[in-house]
Amino acid sequence: MMRIAVGTEKGAYLLTESGSSWQVEGPLFPGWKVTAFGQTSNGTHLAAVGSNWFGVGIHQSENLIDWKPSESPPSWPAGSDRKMEQIWTFHNLGDRLLAGVAQAGLFSSDDDGMTWYPVEGLNEHPTRGAWHPGAGGLCTHRILDGAGTTWVAISAVGVFRSDDDGATWVPKNDGVPSVDTVEGGKRPEIGYCVHGLAHDPENPNRIWRQDHRGVFRTRDGGDNWERIEDGLPAGFGFVMWRDRESGRLLTVPLESDENRVPVDGRLRAYASDDDGGSWSVAGTGWSDAPQFTGVLRRAFDGDDKGGFCFGTTGGKLWLTRDLGRVWQELHPSFPRIAAVRIVA
Amino acid sequence: MSVTVRLPRLLDQAVAGGLRRQANGETLAAVLDSLFVDEPRLKNHLLDESGRIRPHVLIFVDATRADLETPVLPDSEVQVLQAVSGG
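Please read these numbers as outputs of a predicted model, since none were measured by experiment.

Considerations on the overall build of chain B
When you go through chain B residue by residue, the secondary structure sums to two helices and five strands. Over its C-alpha atoms chain B spans a radius of gyration of 12 Å, differing by no more than 12% from the 12 Å that the globule rule assigns to 87 residues. Seen along its three principal axes, the alpha-carbon backbone of chain B occupies a region of about 40 × 25 × 25 Å. Looking at chain B alone, contacts between residues at least 24 apart form 47% of all its contacts between residues at least 6 apart.

Now the structure itself:
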């Protein structure tokens, strides 16, 4: 029985598989944007909420239905010029819980999210004065780790890597065009609008990247990136997912940064079974009707058991149970979907 | 004498004691500080990192828009609203 948590512009919803249909519970947190889901090391569910008026919050639940607000979400120090605009992602790093936030920063918790402290080595990085937001804000939205190394993705700043447990961070974007320079221009240290990252947990230096400027991969932990777009209808998009067992990659291309909808309205996931060397439409089940909608950078999740689901800015969910061979559009419609998590 | 504070429905899940509260203080800042003792999460939702009232939050004392220095009288009513920003 699959369960999917869906965070939207107005509340969260919980979908539970019931025979051939889906039971929908919600809205949870009515009126709040629900921007991220996660779990603590002991399995407690987390939901990050935000409001255009009242800032951010984190709620905790044992059963996904009854939620309690946690005492103190991440915050910038009193008197700071920075604003805590949104919690974009949670990530479990051993016993620690990390949160990526906007305005861009990384926070860590040693008590399952009850209290948080800033990761100063990243948040006060020497390049910080030149960090600028993309259309989605100045946000730390993806965290990867493996073999003692941690990577974070910040828009529109780039990928940073730490090899010393978060003490120091180095930008790792060579091979990716920046968002504010032209070909042949001087290459800046930061200014790279990474949209999505996925890696191989068995060899974490192998990372795939959906960027504002295209699709890329690295085999050396980000020291060098190469473009991999053979077969894709466009290089733009936000989704990058890798199935742990098979190594299959999935992405959902959008036309361009000016026009963030599928090319010709043909909403399709694309798959690669050769580490991004080539891509083709993933499976069947797609609608022939035009789908002029987008997929946001946290609006997808997979369960490493063949299940993969993404939500659209039009409020629809697409699901595969067999790693992209067959797709189905789920029938409920929601507000603009910001976050998806397969919780069971 | 205590001051009545009325909070908007959106904050229901952020407070433990309901949306109609009693607090004490001779200025709006003091009233909010007394409320934050019982409801520490509320501070993050009403004030920004600089300690000012959030830009899109409106607070009225006896139906007059207030700032943190506004005097509050015994039996005053403090009402918190979210601004109508946008459509």
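Regarding the overall build of chain A
A tally of helices and strands in chain A yields one helix and 30 strands. Compactness check: chain A gives a C-alpha radius of gyration of 19 Å against a globular reference of 20 Å for 344 residues, within 12% of the reference. Once the C-alpha set of chain A is aligned to its principal axes, its extents read approximately 55 × 50 × 35 Å. Counting across all 344 residues of chain A, residues that qualify as buried make up 47%. For chain A, long-range pairs separated by at least 24 residues make up 49% of all intrachain contacts whose partners lie at least 6 apart in sequence.

Section: unusual backbone geometry
Where the residue is not glycine, phi is negative for most of them; where a peptide bond is considered, it is trans in most cases. All names here are of chain A. Residue Q103 follows A102 across a cis peptide bond; omega there is -5 degrees. Along the chain, Q103 falls in the loop between β9 (96–102) and β10 (105–109). In this structure, the amide linkage connecting S155 to the following residue, A156, adopts the cis form with an omega of -5 degrees. You can see A156 is positioned in the loop between β13 (149–155) and β14 (158–162). In this structure, L323 takes a positive phi of about 60 degrees despite not being glycine. For L323, the position within the fold is in the loop between β28 (317–320) and β29 (327–330).

Regarding the environment of A:W22
With respect to the element layout, A:W22 can be found in strand β3 (residues 21–28). Along the primary structure A:W22 and A:D174 are separated by 152 residues, whereas in three dimensions their C-alpha atoms are 45 Å apart.

Quick notes on the pairing of strand β16 (residues 194–200) of chain A
Remark: a regular strand shows side chains that alternate across the two faces of the sheet. Residue and element names in this part refer to chain A. Of all seven residues making up β16, six are buried, and the element is well covered by its neighbours. Here β16 pairs with strand β17 (residues 203–211) via six bridges, running antiparallel. From the neighbouring strand, A198 faces β17, where its bridge partner is W208. Between β16 and β17, which follow one another and run antiparallel, lie two residues.

A short note on the confidence of the model for chain B
For chain B, per-residue confidence averages 92 on the pLDDT scale, and residues scoring 70 or more make up 95% of the total. Two numbers describe this predicted complex: its pTM, 0.95, and its ipTM, 0.88.

Quick word on the pairing of strand β1 (residues 3–6) of chain B
All names here are of chain B. The alternating pattern of β1 places V3 and V5 on a buried face and T4 and R6 on a face that is not buried. Pairing analysis gives four bridges linking β1 to strand β2 (residues 20–23), with the strands arranged antiparallel. Bridged to V3 within β2 is A23. Judged from the three bridges that link them, β1 and strand β5 (residues 77–82) form a sheet pairing that is parallel. Across the sheet, the residue bridging to V5 is V78, located in β5.

Side note on helix α1 (residues 28–38) of chain B
Residue and element names in this part refer to chain B. Those residues of α1 that fall on the buried side of the exposure criterion are L28, V31, L32 and L35. Looking straight down α1, one finds its buried side chains confined to an arc of 95 degrees; they lie on one side. Lining the buried residues of α1 we find β1, β2, α2 (40–46), β3 (57–61) and β5.

Points about the sheet that holds strand β7 (residues 67–69) of chain A
Residue and element names in this part refer to chain A. Taking strand neighbours across the sheet as the criterion, the four strands line up as β4-β5-β6-β7 in an open arrangement whose pairing is antiparallel. The open sheet has two edge strands with one neighbour each: β4 (33–39) and β7. Each neighbouring strand pair of the sheet contributes to a mean axis angle of 30 degrees, computed without reference to strand direction. By the bridge criterion, seven bridges tie strand β5 (residues 45–51) to strand β6 (residues 55–61) in an arrangement that is antiparallel. Across the sheet, residue A48 finds its bridge partner in β6, namely I58.

Focus: the nonpolar core
Grouped together as the largest cluster of nonpolar side chains are 90 residues, with contacts concentrated most on A:V6, A:A47, A:V239, A:A299, A:C309, A:F310 and A:V340. In terms of nonpolar packing, the next biggest core, distinct from the first, is built from 21 residues, B:V3, B:V5, B:L32 and B:V78 among them.

With respect to the interface of chain A and chain B
Contacts between chain A and chain B engage 19 residues on the former and 18 residues on the latter. Among the residues making up the side of chain A that touches chain B, the classes are represented as eight nonpolar, eight polar and three charged.

Some details on the sheet that holds β5(B)
What the five strands build is an open sheet, ordered β2-β1-β5-β3-β4 (chain B); its pairing is mixed. Either end of the sheet is taken by a strand with one partner, and the two such strands are β2 and β4 (64–65) of chain B.

Observations concerning the environment of A:L323
Residues and elements named next belong to chain A. Its 22 C-beta neighbours within 10 Å are what place L323 among the buried residues. Through-space distance from the C-alpha of L323 to that of D303 is 9.9 Å; in sequence the pair is 20 residues apart. With near-sequence residues (within four places) excluded, L323 lies in contact with D243, S246, R248, G306 and F308.

Quick word on the environment of A:G311
All names here are of chain A. In this fold, G311 is placed in strand β27 (residues 308–311). Taking the C-alpha atoms as reference points, G311 and V340, 29 residues apart in sequence, are found 6.8 Å from one another. If we skip the residues at most four places from it in the chain, G311 touches V6, A299, L317, I337 and V340.

Calculation criteria
- Residues numbered from 1 in each chain as written.
- Chains lettered and ligands numbered in written order.
- Predicted model: local features only at pLDDT ≥ 70, side-chain atom pairs only at ≥ 80, totals over all residues.
- Helix = DSSP H or I, 4+ residues; strand = E, 2+ residues; numbered from the N terminus.
- Rg over C-alpha atoms; globule rule 2.2 N^0.38 Å.
- Contact = placed C-beta atoms within 7 Å.
- Buried ≥ 20, exposed ≤ 12 C-beta atoms within 10 Å, placed from the backbone.
- Pairing = 2+ DSSP bridges.
- pLDDT = per-residue confidence, 0-100.
- Arc of directions from axis to C-beta.
- Axes fitted to C-alpha atoms, helices over the stretch in contact; angles between N-to-C directions.
- Core = buried A, V, L, I, M, F, W, Y, C linked by C-beta atoms within 7 Å.
- Nonpolar A, V, L, I, M, F, W, Y, C, P; charged D, E, K, R; others polar.

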